[in-house]
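Reading the structure
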Amino acid sequence: MSYLGCLPIFLVIVASGTFCLAYIIAVVRGDVSAAFPYISDTGAEVPESCIFGQFLNIASFLAFCTIYVRYKAVKALAGEEDTWLRRTNKISAGLGFLSAFGCSIVANFQEHTVVEIVHIIGAGFTFIGGVVYCFLQTAMSYHMYPDYNGLLICRVRLFVCMLAFGSLISTIASAAVALTQYKVKDRFHWNPDEPGYSAHVVSTVSEWLTALTFLGYFFTFVQEFRKFDLEINTRPLVRHLDEDPFEGTNERTRLLA
């Protein structure tokens, strides 16, 4: 059994742990309201912003590795015959990498700064790119049934996708409504009697649900990853490190330069 199955588990633990720890510190310090702030709001002020940025960068790296392993696993199964699966696998991996990169942007360009627009763009990459990635992976799973995987995992992934998509739409729509009614002096501390409060809460709850369902999708890779090995091979091109690669003629010289 391979230990690759631990990779998505570590990703979910680090990411969800980052959100929860930043939330607890922000609430205890009074930097945000306890009633469902946006995830990014919990990492906008020091010192929670330091923890938020550091560990979210680690989560971004783990997400990149998880997406890469999934890409290599599907590639190994697809072979050269299934053109649709190979093409979709590449497109899906590209969107997944974009989502992971967006998560890193969210970590490094935080809210309540002069570069907040970059933070919002990164969040768009993360959530929109991530949800599309999940749908493509689900389509690939159905395509691979029954030759490579069962029907149950397809249905589980479809359910998580629909939940993440519905939550994402709710997040954006409710945020737009709250923004049109926005009159609060401190956006990190909303009061129930302020205009747009209900829409704001719906948006924040939906954002948390989107993030958690997106992370939950990676859990569906755990059992499959345990059935693959991924190796990195190192092959020297020279006998001495002062030589140039393929210098001279020997058994390792390429036939065509």
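Here we summarise the structure given alongside this text. The model shown is predicted, which means the values in this text are computed figures rather than measured ones.

1. A word on the pattern of salt bridges
In this structure the tally under the stated criterion is four salt bridges. Notably, a salt bridge pairs aspartate 31 with arginine 29, separated by 3.1 Å at the nearest N-O pair. Take arginine 29: its relative accessible area is 48%, and that puts it in the partly exposed class. Between arginine 70 and glutamate 224 there is a salt bridge; the shortest N-O distance is 2.8 Å. Separated by 154 residues along the polypeptide, arginine 70 in helix α2 (residues 48-78) and glutamate 224 in helix α7 (residues 222-225) bring together distant segments of the chain. Residues arginine 70 and glutamate 224 agree in their burial class; the two are buried. Members of the salt-bridge network, linked through shared partners, are Arg29, Asp31 and Glu48.

2. Here's the deal with the state of the cysteines
A complete count under the given rule lists zero disulfides for this structure. For cysteine 6, which is in no disulfide, the shortest distance to another cysteine sulfur is to cysteine 65 and amounts to 14 Å. When its relative accessible area of 27% is taken as the criterion, cysteine 6 is described as partly exposed. Unpaired in terms of disulfides, cysteine 20 finds its nearest cysteine sulfur in cysteine 103, a separation of 15 Å.

3. Regarding the packing of aromatic side chains
The geometry of two aromatic rings is summed up by the distance between their centres and the angle between their planes. This structure, assessed with the given rule, holds nine aromatic pairs. Their ring planes at 25° and their centres at 4.4 Å tell us that phenylalanine 64 and phenylalanine 97 sit as a pair that is stacked. Within this pair, whereas phenylalanine 64 is found in helix α2, its partner phenylalanine 97 is found in helix α3 (residues 83-108), the two being separated by 33 residues in sequence. An angle of 50° between the planes, with centres 5.4 Å apart, marks the rings of phenylalanine 214 and phenylalanine 218 as tilted. Separated by four residues within a single helix, phenylalanine 214 and phenylalanine 218 lie in helix α6 (residues 197-219), roughly one turn from each other. Each of the two residues, phenylalanine 214 as well as phenylalanine 218, counts as buried. Among the aromatic residues, ring-to-ring pairing joins Tyr133, Phe214, Tyr217, Phe218, Phe221 and Phe225 into one connected group.

4. Considering empty space enclosed by the protein
The rolling of a water-molecule-sized probe over the atoms marks out the regions of remaining empty space. Under the criterion given, the structure shown has one cavity of 30 Å³ or more. Each pocket or cavity is described by its volume, and for the largest cavity that value is around 70 Å³. Of the residues belonging to the lining of the largest cavity, the class tally is six nonpolar, two polar and two charged.

5. Things to note about a nonpolar patch on the surface
Residues Leu98, Phe101, Ile117, Ile120, Ile121 and Phe125 make up a contiguous nonpolar surface patch of about 540 Å² in total accessible area. Those elements that provide at least two residues to the nonpolar patch are α3 and α4 (116-144). The element best represented in the nonpolar patch is α4, accounting for four residues.

6. Focus: the layout of surface pockets
Within this model, the largest pocket holds a volume of roughly 1100 Å³. What lines the largest pocket is a set of 48 residues, and nearest its centre among them are Tyr38, Ser40, Glu111, Ala123 and Glu207. For the lining of the largest pocket, the secondary-structure elements that each account for two or more residues are α1 (6-29), α2, α3, α4, α5 (151-180) and α6. Per-element accounting of the lining of the largest pocket gives the leading share, eleven residues, to α4.

Scoring rules and cut-offs
Residues numbered from 1 in each chain as written. Predicted model: local features only at pLDDT ≥ 70, side-chain atom pairs only at ≥ 80, totals over all residues. Heavy atoms only, no water. Salt bridge = Lys/Arg side-chain N within 4 Å of Asp/Glu carboxyl O. Buried < 20%, exposed > 50% of the residue type's maximum accessible area, 1.4 Å probe, protein only. Helix = DSSP H or I, 4+ residues; strand = E, 2+ residues; numbered from the N terminus. Disulfide = S-S within 2.5 Å. Phe/Tyr/Trp six-rings, centres within 6.5 Å; stacked < 30°, edge-to-face > 60°. 1 Å grid on protein atoms, 1.4 Å probe; cavity = no way out; pocket = protein on both sides within 12 Å on 5 of 7 lines; lining within 4 Å. Points joined across faces, edges and corners; volume = space filled by probe spheres on them. Nonpolar A, V, L, I, M, F, W, Y, C, P; charged D, E, K, R; others polar. Patch = residues over 30% accessible without salt bridge, like charges linked within 9 Å, V, L, I, M, F, W, Y side chains within 5 Å. Areas by Shrake-Rupley, 256 points an atom, 1.4 Å probe, with all protein chains shown as cover.

That is the geometry; function is a separate question.
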